[in-house]
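# Per-entry structural report
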Amino acid sequence: YTRGTVTAFSPFDARADAEALRKAMKGMGTDEETVLKILTSRNNAQRQEIAAAFKTLFGRDLVDDLKSELTSKFETLMVSLMRPTCIFDAHALKHAIKGAGTNEKVLTEILASRTPAEVRNIKQVYLQEYEANLEDKITGETSGYFQRLLVVLLQANRDPDGRVDEGLVEQDAQVLFRAGELKWGTDEEKFITILGTRSVSHLRRVFDKYMTISGFQIEETIDRETSGDLEKLLLAVVKCIRSVPAYFAETLYYSMKGAGTDDDTLIRVMVSRSEIDLLDIRQEFRKNFAKSLHQMIQKDTSGDYRKALLLLCGGDDE
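Now for a quick tour of the structure. Along each chain, residues carry numbers from 1 onward, in the same order as the chain's sequence is written. Where totals are concerned, whole chains, interfaces and linings use all residues; where local detail is concerned, this predicted model gives features only for residues with pLDDT of at least 70, and gives and counts side-chain atom pairs only at 80 or more. Only hydrogens and water are set aside when side-chain values are computed; all heavy atoms of the structure are taken into account.

A word on the overall build of the chain. When helices and strands are counted, the chain shows 20 helices and 0 strands. For the radius of gyration, the atoms used are the C-alpha atoms, and the globule rule reads 2.2 Å times the number of residues raised to 0.38. For the chain, the C-alpha radius of gyration of 21 Å lies close to 20 Å, the compact-globule estimate for 318 residues. Dimensions of the chain along its principal axes, counting C-alpha atoms only, are 70 × 45 × 40 Å. Looking at the 318 residues of the chain, the share that counts as buried comes to 49%. By the criteria applied, helices consist of DSSP H or I runs no shorter than four residues and strands consist of E runs no shorter than two, each listed in order from the N terminus. Only protein chains enter the accessibility calculation, which uses a 1.4 Å probe; a residue whose area is less than 20% of its type maximum is buried, one above 50% is exposed, and one in between is partly exposed.

Turning next to the side chain of Ser-292. With respect to the element layout, Ser-292 can be found in the loop between α18 (278–289) and α19 (293–300). Taking relative accessible area as the criterion, Ser-292 reaches 0% and is therefore assigned buried. Two residues form a contact once any of their heavy atoms are found within 4.5 Å. Those residues in contact with Ser-292 that sit more than four places away from it in its chain are Phe-285, Arg-286, Asp-316 and Asp-317.

Quick look at the side chain of Glu-181 now. For Glu-181, the position within the fold is in the loop between α11 (166–180) and α12 (188–197). Side-chain atoms alone can form a polar contact between residues adjacent in sequence; in general such a contact is a pair of N or O atoms within 3.5 Å, and within protein one must be able to donate a hydrogen while the other accepts it. At 2.3 Å, the side chain of Glu-181 forms a polar contact with the side chain of Arg-224.

So, about the packing of aromatic side chains. The pairing test for Phe, Tyr and Trp rings, Trp by its six-membered ring, is centres within 6.5 Å, and the orientation test on the planes gives stacked under 30 degrees, edge-to-face over 60, and tilted for anything in between. A full pass over the atoms with the stated rule returns 8 aromatic pairs. Considering the side-chain rings of Tyr-253 and Tyr-254, the 5.1 Å spacing of their centres and the 85 degrees angle between planes classify their relative orientation as edge-to-face. Its relative accessible area of 13% is what places Tyr-253 among the buried residues. Among the aromatic side chains, those forming a connected cluster through ring pairs are Tyr-253, Tyr-254, Phe-285 and Phe-289. One cation-aromatic arrangement involves Arg-42 over Phe-9; the distance from NZ or CZ to the ring centre is 3.8 Å. A ring is considered to have a charge above it if a Lys NZ or an Arg CZ atom is located within 6 Å of its centre and within 35 degrees of its normal.

What follows is the structure, encoded as structure tokens:
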């Protein structure tokens, strides 16, 4: 992954950073600027080293100190940056399925966009961290075809990319056409199996072929023939097959568009993609929304929260 905006900081000195953070949070008032500058310019592995040095030097927990010294969205963002990369998704899923009501948006975003290897890792970490089976937890909180597509994605058995067989492409496109446009009610199971298990390169060809056969983009059919959580998940899967960065650019755009900002989504995407593909997301954003991600964050957020998000964004795309 080299398309992130955040990379390893050099020259890096974990103890010096720990000392600077302690000084910034000690006594009356907090020097938020120092906190955000350090945490947004070190990568996650380095932040973990800083936390270890902080405990060694001061016998204090850095995350606890951040929680007690910072407030609101800025606090959430800084604490999210401190979460070890390997447990970030598992933690987000855990919180999406705990307590009253399930946050389907988070389940959809994570399971539609992560690679099979990433999903296998999430399941393993979930078991280690929470001593629970992620699939059991998700099936306990969801139902219907939405649940079934989540379970298919959780199997993380999508065909690996290889040579694309045009005959199979034609066949899958016909099956989807018959299941969607040609009958009353949709044969959801066909959509789930094909979209959940075929390789990315195969599906991109299927979408082209589908357009040729039906005259519709597959997204239009899904939009017309399905609804609710299933529709959102099917669309997310299709968008991620077409382009993961484009999917996240759109997710970020809608988190800020209109009245009020969906800060949880904004923070989750900015943090989780900052070391993976945020440069590509910025490019897609600029291309698809006639403004830059930087400009939209600038307009939609304020204070230290805005400063930190803009540093994570890492630049404007005029």
